[in-house]
Amino acid sequence: MVQQESRSGVPQICIFILGGVMSEPKTPTPTPAGDTYKGWVFKWTNYIKGYQRRWFVLSNGLLSYYRTQAEMGHTCRGTINLATATITVDDACNFVISNGGAQTYHLKASCEVERQRWITALELAKAKAACMQAESGSQNSEVQSALRTLGSKVEDLSTCNDLISKHGSALQRSLSELDSLRLTGEAGDKIRQVTERATLFRITSNAMINACRDFLALAQAHSKRWQKALQAEREQRVRLEETLEQLAKQHNHLERAFRGAAQVNASADNKSAAGPGKGEASDEDDDNEFFDAMEEAPEFITVPEPLAMNQESPSLELVPLKKRRTRIPDKPNYSLNLWSIMKNCIGKELSKIPMPVNFNEPISMLQRLSEDLEYHELLDKAAKCQSSLEQMCYVAAFSVSSYSTTVHRTGKPFNPLLGETYELDRQRESGYRSLCEQVSHHPPAAAHHAISDRGWTLRQEITVASKFRGKYLSIMPLGTIHASFEKSNNHYTWKKVTTTVHNIIVGKLWIDQSGEIDVVNHTTGDRCHLKFAPYSYFSRDIARKVTGVVMDKDGKAHYVLSGTWDEKMEFSRVMQSSRGGENGTEGKQKTVYQTLKARELWRRNPLPEGAETMYYFTALALTLNEPEEGVAPTDSRRRPDQRLMEDGRWDEANSEKQRLEEKQRSARREREREAATALHDNYQALWFDRCVDQITGEQVHIYKGGYWEEKECGSWEGCPDIF
């Protein structure tokens, strides 16, 4: 519990109970000003800081908010267009405004009367905005109607044009035939007179026909241009609304980066100075606002500078040798009934179900395993930490970051063939290189080894157990992940949580991660217990929530970790802890942690443009199957069915997949015959040795070396022919 002075001089009492802050500053009544309505409202920010007071302004059908009134002239924190928004009331003081997309404001008034004032003002503003939008739509409809009428008239004119030309030609032929009869007297004079008039009519009508033809071409061209202009204007208006929101966020990013850089420089210039001064930190968005439990306390984490270079390597080593691809062919829109395949597979292992490539994504499980290195920079930072407890925070964040790539990835990776390998050489760009090999087929197991010249090594052997439960699919990775650091000699281990794919039969597929992870430092005895909360419709917690506590070997808490597995993780230094607060599950009391200001450990990189048509691949995933010279003949990049699928040739990919699977079955039968003769299984992995893990006591495969040397020599004689 911490007492903090508010701006009005009235103390605020704040309690942080594993991610909750309650504060009760006084809020003045909102005041209307013509069509503008503004005032203080509490807005939900995040699970650490809870509701925070913000200055809201309702004007011209737009609801905007600011951190303070002074920000109104330069920094808008967010805006919702009420014309398309929904307004719902939760209880006496709470209400929610959402535009059905990424923007949702959970708001709380200081009392029921104030909430009703806001609801009334919002409903009126929404009605006006909807009316204006309807009028705009009506004007657009009038323009469209005029364009349709013009098009109809142009078609009529074109028809008349054709008729005049046709009948004019027939009349001219008839007159020519009469003139050829060489009649004399009055009849001949009349015919010559009619012929002269017909000639004048033909000249005039030809001129009119040419003019009509020119008008038709011009009208048709302008009609299309007007329609395109109208559509462009409509799209431009939508983009403008989105751009305004993005500009506000970018401004806040720059403001936060500037203040952070200034703070780092100030700390470097004056190491003996006290902690950061008072004042409100800029919030780039509400998810980055945290409660400062002890404002005068010193900074609690030494974060490596983002521009720091590897001192052991020249700067030239950071320049990539080749430009990596940023796109793959778009996913074809092939429909297939999943239930027709899965209905006979309930309770079976997923790896034993024959699946067409329609349910795959064009990478193998080995490549998917290599994606764990998407945020390798967390291990780079961990390697530089002086404190093992700080290092634990980065390792724990790394263990969470590997799930961020799965949030939209409902496609199944290709099951690797026995002996299949995958290398990921990013030594020049990022300082590491990685090798995976499928070391067992039943059960399917993949061994992975990655080493970085920045002082860390990562290894794992993962066996995937999976069950189809009818409505959902459970995927349970079995095996231990190891991370060791050269400088500190610290050795960490942890396991993976359960992945669940929901709505297998009906509805849109979605993925959840749930379970608990213990990250253990076997050198010091430090431990971090992470909890992945399963999604619940009735829970008020943020979706995909992850919480954790870093403790030393004596069980004393030093850091609190919090965030979501699909977005970001943050950590806070624990200054004091005590039992108290509301009772938790099974009658246990929650632990109350008094912490310093939270810091960001990790944030997910944005997806590439057009990712929704490219299997929701990240920037790294887009490069994983890019062809490369010099890789082993068993490398996943050389797998033909996977390559055909990436190219959009799914029928051919399915045929090739069946051929490869039959080839693998034949090879297995041959091994079984040889094993029966030798009385033991004679299969051995090529690049990994089977042994007992000295840390966990498990039977594992550990990299024995030789791959990169063989690649340098270009000698792959020992590689099997699996493709």
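This one's a predicted model, so the numbers in the text were calculated from it and none came from an experiment. (Residues numbered from 1 in each chain as written. Predicted model: local features only at pLDDT ≥ 70, side-chain atom pairs only at ≥ 80, totals over all residues. Heavy atoms only, no water.)

Visitor: Can you explain the overall build of the protein chain? Please cite residues and give values.
Guide: Helix and strand counts for the protein chain stand at 11 helices and 29 strands. Taking all 723 residues of the protein chain together, 44% fall into the buried category. The contacts of the protein chain with a sequence gap of at least 6 include a subset with a gap of at least 24, amounting to 58%. Surface exposure of the protein chain reaches about 38,800 Å², of which carbon and sulfur atoms provide 53%. (Helix = DSSP H or I, 4+ residues; strand = E, 2+ residues; numbered from the N terminus. Buried < 20%, exposed > 50% of the residue type's maximum accessible area, 1.4 Å probe, protein only. Contact = heavy atoms within 4.5 Å. Areas by Shrake-Rupley, 256 points an atom, 1.4 Å probe, with all protein chains shown as cover.)

Visitor: Quick one: what's the story with the environment of tyrosine 492, residue by residue and with numbers?
Guide: When you line up the elements, tyrosine 492 lands in strand E19 (residues 491–494). Given a relative accessible area of 0%, tyrosine 492 falls into the buried group. Distance from tyrosine 492 to arginine 527, taken between C-alpha atoms, is 9.2 Å for residues 35 residues apart in sequence. Sequence-distant contacts of tyrosine 492, that is, excluding residues within four places in its chain, are made with Ser388, Gln391, Met392, Val395, Ile481, His482, Ala483, Phe485, Val519, Val520, Asn521 and His522. A polar side-chain atom of tyrosine 492 sits 3.4 Å from the main-chain carbonyl oxygen of serine 388. (Polar contact = N/O pair within 3.5 Å; in protein donor to acceptor, adjacent residues only side chain to side chain.)

Visitor: Tell me about the pairing of strand E15 (residues 444–452), residues and numbers included.
Guide: The buried fraction of E15 is high, at 7 of 9 residues. Sheet topology places strand E14 (residues 432–441) next to E15; 9 bridges connect them, and they run antiparallel. By the bridge assignment for E15, arginine 433 is matched with isoleucine 451. Taking the residues that link successive antiparallel strands as the turn, the E15-strand E16 (residues 456–468) hairpin has 3 residues, and the phi of glycine 455 there is positive, at about 100°. (Pairing = 2+ DSSP bridges.)

Visitor: So what's going on with helix H5 (residues 377–384)? Which residues, and what values?
Guide: Those residues of H5 that fall on the buried side of the exposure criterion are Leu378, Leu379, Asp380, Ala382 and Ala383. The elements touched by buried residues of H5 are helix H6 (388–401), helix H7 (427–430), E15, E16, strand E18 (481–485) and strand E27 (599–603).

Visitor: Quick rundown of the confidence of the model for the protein chain? Include the residues and the values.
Guide: Averaged over the protein chain, the pLDDT score is 80; the fraction of residues at 70 or greater is 78%. Contacts from residues 1–27, a stretch scored under 50 in pLDDT, to residues over four places away or in other chains number 67 contacts. Across residues 271–320, where pLDDT falls below 50, the model places 115 contacts with residues more than four positions away in sequence or in other chains. (pLDDT = per-residue confidence, 0-100.)

Visitor: Can you break down the packing of aromatic side chains residue by residue, with the values?
Guide: The final tally for this structure, using the stated rule, is 20 aromatic pairs. Centroid distance tyrosine 707 to tryptophan 708: 5.0 Å. Interplanar angle 85°. Geometry classified as edge-to-face. The burial state of tyrosine 707 is the same as that of tryptophan 708; both residues are buried. Here the aromatic residues Trp687, Tyr707, Trp708 and Trp716 are joined through ring pairs into a cluster of three or more. The ring of tyrosine 403 has lysine 496 sitting right over it, with the charged end atom 5.5 Å from the ring centre. Above the plane of the ring of tryptophan 565 lies arginine 544, whose end atom (NZ or CZ) is 5.7 Å from the centre. (Phe/Tyr/Trp six-rings, centres within 6.5 Å; stacked < 30°, edge-to-face > 60°. Lys NZ or Arg CZ within 6 Å of the ring centre and 35° of its normal.)

Visitor: Please give an account of the packing of H5 against H6 that cites residues and values.
Guide: Between H5 and H6, the shortest axis-to-axis distance is 8 Å and the interhelical angle comes to 170°. Between H5 and H6, the interaxial angle falls into the category roughly antiparallel. Residues Leu378, Leu379, Lys381, Ala382 and Ala383 of H5 form the contact with H6, whose participating residues are Gln391, Tyr394, Val395, Ala397, Phe398 and Ser401. Class assignment for the residues of the contact of H5 with H6 results in 8 nonpolar, 2 polar and 1 charged. (Axes fitted to C-alpha atoms, helices over the stretch in contact; angles between N-to-C directions. Parallel < 35°, antiparallel > 145°, perpendicular 65-115°, else oblique. Nonpolar A, V, L, I, M, F, W, Y, C, P; charged D, E, K, R; others polar.)

Visitor: Which residues make up a nonpolar patch on the surface, and what are the values?
Guide: A surface patch of nonpolar side chains, amounting to about 470 Å² of accessible area, comprises Tyr535, Tyr537 and Phe538. Here tyrosine 535 shows up in the loop between strand E22 (527–532) and strand E23 (545–551). What makes tyrosine 535 partly exposed here is its relative accessible area of 46%. (Patch = residues over 30% accessible without salt bridge, like charges linked within 9 Å, V, L, I, M, F, W, Y side chains within 5 Å. Salt bridge = Lys/Arg side-chain N within 4 Å of Asp/Glu carboxyl O.)

Visitor: Give a detailed account of unusual backbone geometry, specifying residues and quantitative values.
Guide: With an omega dihedral of 0°, the bond running from histidine 442 to proline 443 counts as a cis peptide bond. Even without being a glycine, asparagine 60 presents a positive backbone phi close to 55°. Topologically, asparagine 60 is positioned in the loop between strand E5 (50–59) and strand E6 (62–66). Not every positive phi belongs to a glycine, and tyrosine 615 is a case in point at roughly 65°.

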